[in-house]
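Listed below are the residues making up each chain.
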Amino acid sequence: MSDSKTSNAMWGGRFASGPDAIMEAINASIGYDKRMARQDIEGSRAHAQMLAATGIITDNDAKAIREGLLTVLSEIEAGDFEYSTALEDIHMNVENRLKELIGDAAGRLHTARSRNDQVATDFKLWVRTQMDAAIDGLTALIKALLQQAEAGADMVMPGFTHLQVAQPVTWGHHMLAYVEMFGRDIGRMRDARARMNESPLGAAALAGTSFPIDRHMTAAALGFERPAANSLDAVSDRDFALEFLSSASIAATHLSRMAEELVIWSSAQFCFVTLSDRFSTGSSIMPQKKNPDAAELIRAKVGRINGALVGLLTVMKGLPLAYAKDMQEDKEQVFDAADSLMLALAAMSGMVADMTPNAPRLEAAAASGFSTATDLADWLVRTLNMPFREAHHVTGALVKLAEERGCDLPDLSLADMQGVCAEITEDVFAVLGVHNSVQSRQSYGGTAPDQVRAQIIRWKEALA
């Protein structure tokens, strides 16, 4: 039987002639949806078992179907399966091969279901698996960040606003900021996973089925919490894919922000960190160059992942209920975004684990740019009972004086300071060092080393 005739047989008697090459090309999705082969076979095996349990097909037919599907899966995983574009998608390719293996019993598999609920089920199973993989990847990255935080809990570095030195912080505190970001990404993935964990299988084309199926049985067999409650919604819903892409986009944004910092920090101008050779490249013409290419590529991945989200939102925005062929365009961008996210997570985890902070350079930079000016203002408020606005003004005058002298605040003499504010005493110098500054930030979530270590313990317990 030719491919076109096979396709017509799958469609039924509605069409007298096969699609031409253009129609076949635009209609086929096997080029990418074959990635869902395992999920398609899992869903079909659960469906066949349920059909037998409810007396819709015989136990013998169900056994032949389930065993035949395992044979198909083994062929696919061994690379021995021949895909046909004329058969359109993974579902028809699997069913056609099943028929070649077990004969007419294969035709009973599609009883009480449609490709509409079948593809929705397959896609949900695939996205759910990918969410679990993303959670694992994010967890590995958090663990690498926690190792850096623990090693650098006392290491002082500049904290920035507007990319200008603002106040001293600790390396551990900065690492923990990304731990919090990626922790929220895990939370979003888990929330989305719980919300999408309803089975579309049994919704059939759009209206359910007249066969006495047990949708709770198939839902449980596939690890879903429950069957979807509305058949129209079940086959037309792609919120689960949109939520995955949304969560992936936010995670990619966090990865991109960290990648940007690594690009800046590893530059000769900053020299805050050294990235390992494993995640750097050289130049074809400049032998001295060590380029942070992995970080730059991570920074670029967010464009592809955000684009996938916008693409699927655009596909779904005008679709009436229930299923439309537009929804075949739901998978390629999800597959690509998932691949991009997992690669970026793995690369960032490797870079974080391998990078070496330059402690002397970080400390020197932390002391620059009048970074302890806020500590001085706070001292004026605490010790001299000065209103903060007045303290802010006095500190600003002292900063201006230091700028004129070409020195930093701790380099001013007591007489210089008293020339601006007579009440200042020698005790002020105790708060002007960067280590004193970070030690004083003892508020919950602050940069003090004790607070950093407390948050590291909290996160280790949460991960455990």
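In case you missed it, the structure is sitting above this.
Below you will find a few notes about this structure. Small disclaimer: the values here were computed from a predicted structure and weren't measured. (Residues numbered from 1 in each chain as written. Predicted model: local features only at pLDDT ≥ 70, side-chain atom pairs only at ≥ 80, totals over all residues. Heavy atoms only, no water.)

1. Topic: the overall build of the protein
Step number 1: Along its length, the protein carries 19 helices and six strands.
Step number 2: Scaling as 2.2 N^0.38, a compact globule of 464 residues should have a C-alpha radius of gyration of about 23 Å, whereas the protein reaches 31 Å, well beyond that.
Step number 3: Oriented by its inertia axes, the alpha-carbon framework of the protein measures out at about 100 × 55 × 40 Å.
Step number 4: The buried share of the protein, reckoned over its 464 residues, is 49%.
Step number 5: In the protein, the share of contacts with a sequence separation of at least 24, taken over all contacts with a separation of at least 6, comes to 73%.
Step number 6: Of the roughly 21600 Å² of accessible surface on the protein, a fraction of 52% belongs to carbon and sulfur atoms.
Step number 7: Here the protein contributes 43 positive and 60 negative side-chain charges, whose respective centroids are spaced 3 Å apart. (Helix = DSSP H or I, 4+ residues; strand = E, 2+ residues; numbered from the N terminus. Rg over C-alpha atoms; globule rule 2.2 N^0.38 Å. Buried < 20%, exposed > 50% of the residue type's maximum accessible area, 1.4 Å probe, protein only. Contact = heavy atoms within 4.5 Å. Areas by Shrake-Rupley, 256 points an atom, 1.4 Å probe, with all protein chains shown as cover. Lys, Arg positive; Asp, Glu negative; His and termini not counted. Charge placed at Lys NZ, Arg CZ, Asp CG, Glu CD.)

2. Describing the packing of aromatic side chains
Step number 1: Per the counting criterion, the structure on display carries ten aromatic pairs.
Step number 2: Look at Phe81 and Tyr83: their rings are 4.9 Å apart centre to centre, the planes differ by 55 degrees, and that puts the pair in the tilted class.
Step number 3: According to the relative accessible area criterion, Phe81 is buried, its value standing at 9%.
Step number 4: Judged by its relative accessible area of 30%, Tyr83 is partly exposed.
Step number 5: Here the aromatic cluster, defined as three or more aromatic residues joined through ring pairs, consists of Phe160, Trp171, Trp265, Phe270 and Phe272.
Step number 6: Over the face of the ring belonging to Phe123 we find Lys331, whose NZ or CZ atom lies 5.3 Å from the ring centre. (Phe/Tyr/Trp six-rings, centres within 6.5 Å; stacked < 30°, edge-to-face > 60°. Lys NZ or Arg CZ within 6 Å of the ring centre and 35° of its normal.)

3. Observations regarding the pattern of salt bridges
Step number 1: For the coordinates displayed, the defined rule picks out 22 salt bridges.
Step number 2: Across the pair Glu150 and Lys460 runs a salt bridge, and its minimum N-O distance is 2.9 Å. Note that Glu150 is positioned in helix α7 (residues 115-151) and Lys460 in helix α19 (residues 449-463), a separation of 310 residues in sequence.
Step number 3: The class for Glu150 is partly exposed, based on a relative accessible area of 44%.
Step number 4: Judged by relative accessible area, which is 40%, Lys460 ranks as partly exposed.
Step number 5: For the salt bridge of Asp185 with Arg188, the shortest nitrogen-to-oxygen distance reads 3.1 Å. Note that Asp185 and Arg188 are positioned in helix α8 (residues 171-196) at a spacing of three residues, about one turn of the helix.
Step number 6: Note on Asp185: relative accessible area 0%, which makes it buried.
Step number 7: With a relative accessible area of 26%, Arg188 lands in the partly exposed category. (Salt bridge = Lys/Arg side-chain N within 4 Å of Asp/Glu carboxyl O.)

4. Some thoughts on the pairing of strand β1 (residues 156-161)
Step number 1: As defined by bridge partners, β1 adjoins strand β2 (residues 164-170) across six bridges and the pair is classed as antiparallel. Each residue of the ladder has a partner; that of Gly159, found in β2, is Gln167.
Step number 2: Between β1 and β2, which follow one another and run antiparallel, lie two residues, and His162 among them has a positive phi close to 55 degrees. (Pairing = 2+ DSSP bridges.)

5. A look at unusual backbone geometry
Step number 1: Here Leu321 and Ala322 are connected by a cis peptide whose omega angle stands at 5 degrees.
Step number 2: Mapped onto the elements, Ala322 comes out in the loop between α12 (293-316) and α13 (332-354).
Step number 3: A positive phi is found at Cys271, a non-glycine position, where the angle reads about 55 degrees.
Step number 4: The topology assignment puts Cys271 in the loop between α11 (239-265) and β5 (273-274).
Step number 5: Look at Asn385: it is not a glycine, yet its phi comes out positive at around 55 degrees.
Step number 6: By secondary structure assignment, the location of Asn385 is in the loop between α15 (373-384) and α16 (388-405).

6. Comments concerning the packing of α11 against α12
Step number 1: α12 packs onto α11 with a crossing angle of 160 degrees between their chain directions and a minimal axis gap of 8 Å. Considering their axes alone, α11 and α12 lie roughly antiparallel with respect to each other. Handedness of the α11/α12 crossing: left-handed.
Step number 2: Looking at the contact of α11 with α12 residue by residue, the class counts come to 17 nonpolar, five polar and three charged. (Axes fitted to C-alpha atoms, helices over the stretch in contact; angles between N-to-C directions. Parallel < 35°, antiparallel > 145°, perpendicular 65-115°, else oblique. Left-handed = near helix turned anticlockwise from the far one by under 90°. Nonpolar A, V, L, I, M, F, W, Y, C, P; charged D, E, K, R; others polar.)

7. Quick notes on the environment of Leu384
Step number 1: Topologically, Leu384 is positioned in helix α15.
Step number 2: Each C-alpha atom of the pair Leu384 and Ile424 lies 7.9 Å from the other, and the pair is 40 residues apart in sequence.

8. Quick word on the packing of α8 against α19
Step number 1: One way to put it is that α8 packs onto α19 with a least axis distance of 10 Å and a crossing angle of 30 degrees. With respect to their mutual orientation, α8 and α19 come out roughly parallel. For the pair α8 and α19, the crossing hand works out as left-handed. The segment α8 lies against α19, with Gly172, His173, Leu176, Val179, Glu180 and Gly183 engaging Val452, Gln455, Ile456, Arg458 and Trp459.
Step number 2: Tallied by class, residues from the contact of α8 with α19 come to five nonpolar, four polar and two charged.

9. Points about the side chain of Lys331
Step number 1: With respect to the secondary-structure elements, Lys331 resides in the loop between α12 and α13.
Step number 2: At a separation of 2.8 Å, a polar atom in the side chain of Lys331 contacts the side chain of Asp330.
Step number 3: In this structure, Lys331 is in contact with Tyr32, Asp33, Met36, Val119 and Phe123, ignoring residues within four places of it in sequence. (Polar contact = N/O pair within 3.5 Å; in protein donor to acceptor, adjacent residues only side chain to side chain.)

10. Points about a nonpolar patch on the surface
Step number 1: A grouping of Leu206, Leu232 and Leu321 is seen on the molecular surface, where their side chains present a nonpolar patch of about 270 Å² in accessible area.
Step number 2: On the accessibility criterion, Leu232 (32% relative accessible area) is partly exposed. (Patch = residues over 30% accessible without salt bridge, like charges linked within 9 Å, V, L, I, M, F, W, Y side chains within 5 Å.)

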